[in-house]
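# Structure assessment
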Amino acid sequence: MTGFASIRTLRNSGTVLLLASVASCGATDLVAPFGPVGPRERFIPLPIYRVWHAAIEACAGRQSDFDAIIWWVADSLAAPPSAGADYETDATWTPPHTITLRRDRTGVEWVVKHELIHDLLQNGDDLNPILLRCEPIP
Ligand SMILES: [Zn+2]
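### Considering the sheet that holds strand 8 (residues 98-102)
The four strands are arranged 3-4-8-7 in an open sheet whose pairing can be described as mixed. Bordering the open sheet on either side are strand 3 (40-42) and strand 7 (91-94), each of which pairs with just one other strand. Ignoring strand direction, the axes of neighbouring strands in this sheet form an average angle of 25 degrees. Sheet analysis places strand 4 (residues 70-74) next to strand 8, joined by five bridges and oriented parallel.

### Thoughts on the packing of helix 2 (residues 48-60) against helix 3 (residues 109-121)
Helix packing for two helices is described by the angle between their axes and how far apart those axes are. Closest axis-to-axis distance for the helix 2/helix 3 pair is 10 Å, and the angle between their directions is 55 degrees. Here helix 2 lies oblique to helix 3, going by the angle between them. Here helix 2 runs over helix 3; the crossing is right-handed. For the pair helix 2 and helix 3, the contacting residues are Tyr 49, Trp 52, His 53, Ile 56, Glu 57 and Ala 60 in the first and Glu 109, Val 112, Lys 113, Leu 116, Ile 117 and Leu 120 in the second. Residue composition of the contact of helix 2 with helix 3, by class: eight nonpolar, one polar and three charged.

### Examining the nonpolar core
A general trend in soluble globular proteins is that nonpolar side chains are found buried together. Ile 56, Leu 77, Ala 91, Leu 101, Leu 116 and Ile 117 are the most contacted members of the largest nonpolar core, which totals 20 residues. For this core, the secondary structure elements donating two or more residues are helix 2, strand 4, strand 5 (77-78), strand 7, strand 8, helix 3 and helix 4 (129-134). A per-element tally of this core places helix 3 first, with five residues. If sequence neighbours within four positions are ignored, Ile 117 has contacts with Ile 56, Ala 60, Ile 130, Leu 131, Cys 134 and Glu 135.

The rules we used
Residues numbered from 1 in each chain as written. Predicted model: local features only at pLDDT ≥ 70, side-chain atom pairs only at ≥ 80, totals over all residues. Pairing = 2+ DSSP bridges. Helix = DSSP H or I, 4+ residues; strand = E, 2+ residues; numbered from the N terminus. Axes fitted to C-alpha atoms, helices over the stretch in contact; angles between N-to-C directions. Parallel < 35°, antiparallel > 145°, perpendicular 65-115°, else oblique. Left-handed = near helix turned anticlockwise from the far one by under 90°. Contact = placed C-beta atoms within 7 Å. Nonpolar A, V, L, I, M, F, W, Y, C, P; charged D, E, K, R; others polar. Core = buried A, V, L, I, M, F, W, Y, C linked by C-beta atoms within 7 Å. Buried ≥ 20, exposed ≤ 12 C-beta atoms within 10 Å, placed from the backbone.

Have a look at this one:
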């Protein structure tokens, strides 16, 4: 299993367009963006997220402050550069407590739990044993 096995990725032609526009601006060092492609918006977490948060706390045997999390949504999210320049991801976690979800993934339990576990552990490692144990297998 690679570090991105649990981050579903898709081809994203939008990222290619963004890279093309960066190139046209005269950038000499193209680095694939990681995170929102285009604008993002603040997002009020769905009520079910508290239930999912409680479930991952129970699984991990640790607690964290759900209300500390700042939620955003974006139409498209570029994956980390190591995943490939034209891939996108479902969601990102940024320390200490920022989760950005792709708009079409806000209702997907395993995606939200994955990011909640990163926040709970304060660790972005996709191979963390607690993450692997507590993330629901899609
Ligand atoms: Zn992850």
